[in-house]
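Summary of structural features
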Amino acid sequence: MPTAHDPRPLTGEPLALDLLNTRWNKEGVTQDLLAGPDGLAVWLASNGLAGNHPADTAVLDHLREAREALRAAVDGPAEQAAPLVDAVLGHGRIRARLTAAGPAEEPEFADPSWGPAWLAARNYLDLLTRAPERIRPCAGGGCVLHFFDTSRNGTRRWCSMAACGNRAKASRHYARSKEN
């Protein structure tokens, strides 16, 4: 059975931010891709996780918990969010191995339904290690999306130039034309 199209306005961000972006605003109304198993199936497929994890209520509940922990970490004080992220991370670990191809690390879970949530929380740690200052909320008014700024000079402000960036520029242009 084919998976439905991903309706979100911003996809392709690192896993942690992509999980945050399962909630977005559309014409002033909050949308939630993780409102049910169908949206979960879309999110899992969009992130290459569908083959390893079923779109069931346990995975959905764990992902929602991870999303709230990541939202607290990105939008609030780290000292309050750390226990929430750590609680998600407590459900998995990295297993180091030596393979024929050399050293390898693979995630391991006592309960596989925590896999996608744990992977998203782990990805957030990787982003913090790489460049925490490049984890950004969109500067568009009313936009709740987040992105990892990969621009050369690190000055990206909007989730999408075509959407929020255009609205901001049009708004500035309109304000200037009203002044004249």
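Refer to the preceding data block for the structure.
These numbers come from a predicted model, not from an experiment.

Another aspect to go through is the pairing of strand 4 (residues 102–109). Inspection of the sheet shows strand 3 (residues 92–99) paired to strand 4 by 8 bridges, in the antiparallel sense. Of the residues in strand 4, the one forming a bridge with T99 is G102.

Packing of helix 3 (residues 57–75) against helix 5 (residues 115–130) brings their axes to within 8 Å, and their N-to-C directions diverge by 20°. Comparing the axis directions of helix 3 and helix 5 gives the class roughly parallel. As for how helix 3 packs across helix 5, the hand of that crossing is right-handed. Across the interface between the two elements, V59, H62, L63, A66, L70, A73 and V74 of helix 3 pack against P116, A117, A120, A121 and Y124 of helix 5.

One recurring pattern in soluble globular proteins is that nonpolar side chains are buried together. Counting residues in hydrophobic clusters, the biggest one holds 42 residues, and the most contacted among them are L19, W43 and L63. Considering each element in turn, this core owes the most residues, 7 residues, to helix 3. When neighbours within four sequence positions are excluded, L63 is seen to be in contact with L19, L34, L40, W43, P116 and A117.

Quick look at the environment of T99 now. Within the secondary structure, T99 sits in strand 3. We classify T99 as partly exposed; its relative accessible area is 26%. A polar contact is formed between the side chain of T99 and the backbone oxygen of G102, at a distance of 2.7 Å.

Another aspect to go through is the packing of helix 3 against helix 4 (residues 78–89). The interhelical angle for the contact between helix 3 and helix 4, taken along N-to-C directions, is 150°, at an axis separation of 8 Å. Considering their axes alone, helix 3 and helix 4 lie roughly antiparallel with respect to each other. Crossing handedness for the pair helix 3 and helix 4: left-handed. In this structure, helix 3 uses E65, A66, A69, A72 and A73 to contact helix 4, whose residues at the interface are A81, L84, V85 and V88. For the contact of helix 3 with helix 4, the class distribution of residues is 8 nonpolar, no polar and 1 charged.

Now for the side chain of D18. In this fold, D18 is placed in helix 1 (residues 15–20). Residue class for D18 comes out buried when judged on its relative accessible area of 1%. At a separation of 2.9 Å, a polar atom in the side chain of D18 contacts the side chain of W43. Among the polar contacts listed, one links the side chain of D18 to the side chain of N47, at a separation of 2.8 Å. Setting aside anything within four residues of it in sequence, one finds D18 in contact with R8, L10, T11, G12, E13, W43 and N47.

The relation between two aromatic rings is expressed through the spacing of the ring centres and the mutual angle of the planes. This structure, assessed with the given rule, holds 1 aromatic pair. Ring geometry for F109 against W118: centres 5.5 Å apart, planes inclined by 75°, an arrangement best described as edge-to-face. For W118, a relative accessible area of 3% translates into the label buried. Cation over ring: R156 sits above F147, and NZ or CZ is 4.0 Å from the ring centre.

Reading the values: rules and limits
- Every chain is numbered on its own, with residues counted from 1 as its sequence reads.
- Whole-chain, interface and lining totals are the exception, using all residues; otherwise, since this is a predicted model, local features are given only for residues with pLDDT of at least 70 and side-chain atom pairs are given and counted only at 80 or more.
- Here the side-chain values reflect all heavy atoms present in the structure, with hydrogen atoms and water set aside.
- Here, a strand pair is defined by DSSP locating no fewer than two bridges between the strands.
- Strands here mean DSSP runs of E at least two residues long; helices mean DSSP runs of H or I at least four residues long; both are numbered from the N terminus.
- Under this scheme, a helix contributes an axis fitted over its contacting stretch, all axes are lines through C-alpha atoms, and angles between N-to-C directions fall in the 0 to 180 degree range.
- Every angle not falling under 35 degrees, over 145, or within 65 to 115 is termed oblique; those three ranges are roughly parallel, roughly antiparallel and roughly perpendicular.
- Two helices crossing with the near one rotated counterclockwise from the far one by less than a right angle form a left-handed crossing, whereas a clockwise rotation gives a right-handed crossing.
- Here a residue-residue contact requires only that any non-hydrogen atoms of the pair lie within 4.5 Å.
- Each nonpolar core is a collection of buried residues, namely Ala, Val, Leu, Ile, Met, Phe, Trp, Tyr and Cys, held together in the definition by side-chain atoms within 4.5 Å.
- Three labels apply to residues, based on accessible area from a 1.4 Å probe with only protein chains included: buried if under 20% of the type maximum, exposed if over 50%, partly exposed otherwise in between.
- Polar contacts here mean pairs of N or O atoms no more than 3.5 Å apart (in protein, one a potential hydrogen donor and the other a potential acceptor; neighbouring residues in sequence count only if both atoms are side-chain atoms).
- Three classes are used, and their members are as follows: Ala, Val, Leu, Ile, Met, Phe, Trp, Tyr, Cys and Pro are nonpolar, Asp, Glu, Lys and Arg are charged, and the others, Gly among them, are polar.
- Side-chain rings of Phe, Tyr and Trp (the six-membered ring for Trp) are treated as a pair once their centres are within 6.5 Å; stacked means planes under 30 degrees apart, edge-to-face means over 60, and tilted covers the remaining angles.
- Geometrically, a charge over a ring is one whose NZ (Lys) or CZ (Arg) sits within 6 Å of the ring centre while staying within 35 degrees of the ring normal.

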